[in-house]
Amino acid sequence: MIAYMLIASLLLIIALELISRRDELRHLHITFEIDTELVEPGESAALRYTVHNTSRLPVLFSSLTLRLPGGVKVNEDEKWKKLHLSEDFTGQQVEHRFYLMPYGKFAGRTNITVDRRGLHELGKWYLESGDLLGLSPYLRSGDIPVKLICTAESAKVEEIDALGGLIGDISVRRFINDDPTLIMGYRGYTGREAMKEISWLQTAKRNELTVRKSDFTTDRIAVIAVNMDEGNRADMERALSLTRAVCEQFESAKVPYSVFSNGDLDIIPEGLGRKHLFYIQRKIGLSKLAGHYSFGSLLDKLSREKRGDVSVVIISPAPLDKYSAELKKLSKYVDREPIIICGGEHVDDEKNSRRAS
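The rules we used
- Residues numbered from 1 in each chain as written.
- Predicted model: local features only at pLDDT ≥ 70, side-chain atom pairs only at ≥ 80, totals over all residues.
- Heavy atoms only, no water.
- Helix = DSSP H or I, 4+ residues; strand = E, 2+ residues; numbered from the N terminus.
- Buried < 20%, exposed > 50% of the residue type's maximum accessible area, 1.4 Å probe, protein only.
- Core = buried A, V, L, I, M, F, W, Y, C linked by side-chain atoms within 4.5 Å.
- Contact = heavy atoms within 4.5 Å.
- Lys, Arg positive; Asp, Glu negative; His and termini not counted.
- Salt bridge = Lys/Arg side-chain N within 4 Å of Asp/Glu carboxyl O.
- Patch = residues over 30% accessible without salt bridge, like charges linked within 9 Å, V, L, I, M, F, W, Y side chains within 5 Å.
- Areas by Shrake-Rupley, 256 points an atom, 1.4 Å probe, with all protein chains shown as cover.
- Expected span 1.5 Å × (residues − 1).
- Pairing = 2+ DSSP bridges.
- Axes fitted to C-alpha atoms, helices over the stretch in contact; angles between N-to-C directions.
- Parallel < 35°, antiparallel > 145°, perpendicular 65-115°, else oblique.
- Left-handed = near helix turned anticlockwise from the far one by under 90°.
- Polar contact = N/O pair within 3.5 Å; in protein donor to acceptor, adjacent residues only side chain to side chain.

1. Things to note about the overall build of the protein chain
Turning to step 1, where the next piece is worked out: Looking only at helices and strands, the protein chain has nine helices and 20 strands in total.
Turning to step 2, where the next piece is worked out: Taking all 357 residues of the protein chain together, the buried fraction comes to 46%.

Right under this line is the structure:
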């Protein structure tokens, strides 16, 4: 009797081995997604992945390995790392081993962080399937198709004294109830404007989202001019961190602001709100620190386009002594002296005056 049971068990193992020798990878499909596109250095993002079995037969053994590049780190507890994480000179590797029932799926998640600003690829994946005894493995690989943008860390910067004018009770009332006399016209919704700026009547007429175009010359607005034409890499990275910090100050003060740059930050139209700040932080994260033309030309552009009650904040990785003529010209057209942030410190009003004269 025992001999029959042994023979039956042996035949069952052989049958399962023959079935499992089929290449099941053609029936396995892997997908990736990440819960956020934009992070700052050290902030965690969840990388999710799912392996689907589209076959009517089970997959008795499969493993998924993620090979992460050097700048991407796993942010999990020690128990999880002990089970799934290994590391060598090329970077960290995450491994999951599982079996799949017919039409079943495996879902996993790894929290990751990046340590520097920029666009980060997340490495490669390796999907392995094999027979029951591990004698005939099959392997497929590919690039992880999602990417992560890391914006600059916000720098510490003094409170900007450029928010005078109508900032106060009058400005607060205006943000609650818009003055219809300030409306100059209408334009298409870009996604960066506040929802209260949408004109639902004009939206119905045009059959597309439409926002009010207001005459902001009667109220305080702000312009952030970023010099990307000179300076070493560390100073330019610092300038991007300062740009983010200044944008956040204007957001807190509810002051509409735009960004003008002579580099790959480009020119970002005036706006306010979470979407507007997200778009700017995304541009900061994607920046290659490339300057396209001289900062003097950008200052001339500002002199032509921005006049009146405008707060101008200039951020530069290097001193602006050679642009004194352009600064003087800009000062003639705006009511308040431009504030210069160079090397992480404010230039006081007296120095501003000397630079612009």
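2. Considerations on the nonpolar core
Turning to step 1, where the next piece is worked out: Within the largest apolar cluster, 30 residues are counted, with the highest numbers of intra-cluster contacts made by Phe-32, Val-51, Leu-64, Leu-66 and Leu-122.
Turning to step 2, where the next piece is worked out: Counting only elements with at least two residues in this core, the list comes to β1 (28–34), β3 (45–53), β4 (59–67), β5 (72–74), β7 (91–100), β8 (105–114), β10 (124–129) and β12 (147–150).
Turning to step 3, where the next piece is worked out: Every residue in contact with Val-51, bar those within four places of it in the chain, is listed here: Leu-28, His-29, Ile-30, Leu-64, Phe-98, Leu-100, Gly-104, Lys-105, Phe-106 and Leu-127.
Turning to step 4, where the next piece is worked out: Grouped together as the second largest cluster of nonpolar side chains are 28 residues, Cys-247, Val-255, Val-259 and Ile-268 included.

3. Considerations on the side chain of Glu-326
Turning to step 1, where the next piece is worked out: Structurally, Glu-326 is set in helix α8 (residues 324–333).
Turning to step 2, where the next piece is worked out: For the buried Glu-326, which has no salt bridge, the nearest side chain bearing the opposite charge is Lys-329, at an N-O separation of 8.5 Å.
Turning to step 3, where the next piece is worked out: The contact partners of Glu-326, leaving out residues within four places of it in the chain, are Gly-296, Leu-299, Asp-300 and Ser-303.

4. What about a nonpolar patch on the surface?
Turning to step 1, where the next piece is worked out: A contiguous nonpolar surface patch, about 340 Å² in accessible area, is contributed by Met-195, Trp-200 and Leu-209.
Turning to step 2, where the next piece is worked out: Within the secondary structure layout, Leu-209 lies in the loop between α4 (200–206) and β14 (210–214).
Turning to step 3, where the next piece is worked out: A relative accessible area of 36% means that Leu-209 is categorised as partly exposed.

5. Topic: the environment of Pro-338
Turning to step 1, where the next piece is worked out: Along the chain, Pro-338 falls in the loop between α8 and β19 (339–342).
Turning to step 2, where the next piece is worked out: Judged by relative accessible area, which is 4%, Pro-338 ranks as buried.
Turning to step 3, where the next piece is worked out: On a C-alpha basis, the gap between Pro-338 and Val-312 in space is 4.9 Å, while along the polypeptide they are 26 residues apart.

6. Side note on helix α6 (residues 274–286)
Turning to step 1, where the next piece is worked out: For α6, which comprises 13 residues, the first-to-last C-alpha distance of 18 Å matches the rise-based estimate of 18 Å (1.5 Å per residue) to within 8%.
Turning to step 2, where the next piece is worked out: Buried within α6 we find His-276, Leu-277, Ile-280, Gln-281, Lys-283, Ile-284 and Gly-285.
Turning to step 3, where the next piece is worked out: On its buried face, α6 is in contact with β2 (38–39), β9 (118–121), β12, α5 (233–253), β16 (257–261) and β17 (268–271).

7. Brief notes about the sheet that holds strand β11 (residues 138–143)
Backbone-to-backbone hydrogen bonds join strands into a sheet, with any given pair of strands oriented parallel or antiparallel.
Turning to step 1, where the next piece is worked out: The sheet built from five strands is open, its strands ordered β6-β7-β4-β10-β11 with antiparallel pairing. With one partner strand each, in any of the chains shown, β6 (85–88) and β11 form the two edges of the open sheet. Taken over all neighbouring pairs, the strand axes of this sheet differ in orientation by 20 degrees on average, direction set aside.
Turning to step 2, where the next piece is worked out: Examined bridge by bridge, β6 and β7 share four bridges and lie antiparallel to one another. Pairing of Glu-87 across the sheet is with Gln-92, part of β7.

8. Remarks on the packing of helix α7 (residues 295–305) against α8
Turning to step 1, where the next piece is worked out: The N-to-C vectors of α7 and α8 enclose an angle of 15 degrees; their axes lie 9 Å apart at closest approach. What the angle tells us is that α7 and α8 run roughly parallel. The way α7 lies across α8 gives a crossing that is left-handed. In contact with Gly-296, Leu-299, Asp-300, Leu-302 and Ser-303 of α7, α8 contributes Glu-326, Leu-327, Lys-329, Leu-330 and Tyr-333.

9. Observations concerning unusual backbone geometry
Turning to step 1, where the next piece is worked out: Of note in this structure, Tyr-103 is not a glycine but carries a positive phi near 60 degrees.
Turning to step 2, where the next piece is worked out: Here Tyr-103 lies in the loop between β7 and β8.
Turning to step 3, where the next piece is worked out: Located in the positive-phi region is Asn-207, a residue other than glycine, with phi close to 65 degrees.
Turning to step 4, where the next piece is worked out: The topology assignment puts Asn-207 in the loop between α4 and β14.

10. As for the pattern of salt bridges
Turning to step 1, where the next piece is worked out: Inspection of the entire model under this criterion finds 15 salt bridges.
Turning to step 2, where the next piece is worked out: Lys-124 is the salt-bridge partner of Asp-143, the closest N and O atoms lying 3.2 Å from each other. Pair noted here: Asp-143 is in strand β11 and Lys-124 is in strand β10, with a separation of 19 residues, a long-range link.
Turning to step 3, where the next piece is worked out: Three or more residues are tied together by salt bridges with common partners; here these are Glu-40, Arg-244 and Glu-248.

11. Thoughts on the side chain of Thr-203
Turning to step 1, where the next piece is worked out: Positionally, Thr-203 belongs in helix α4.
Turning to step 2, where the next piece is worked out: Here Thr-203 falls in the buried class, since its relative accessible area comes to 13%.
Turning to step 3, where the next piece is worked out: Engagement of the side chain of Thr-203 in a polar contact is seen with the backbone nitrogen of Thr-210, the distance being 3.1 Å.
Turning to step 4, where the next piece is worked out: The residues contacting Thr-203, other than those within four sequence positions of it, are Ile-198, Glu-208, Leu-209 and Thr-210.

12. A short note on the sheet that holds β3
Turning to step 1, where the next piece is worked out: Read from one edge to the other, the open sheet built from four strands follows the order β1-β3-β8-β5, with strand pairing classed as antiparallel. Of all strands in the sheet, those with a lone pairing partner are β1 and β5, marking the two edges. Mean inter-strand twist for the sheet, computed between neighbouring axes without regard to direction, equals 35 degrees.
Turning to step 2, where the next piece is worked out: Here β3 runs beside β8; their pairing, made up of eight bridges, is antiparallel. Residue Leu-47 lies in a different strand from β8, and its bridge partner there is Thr-110.

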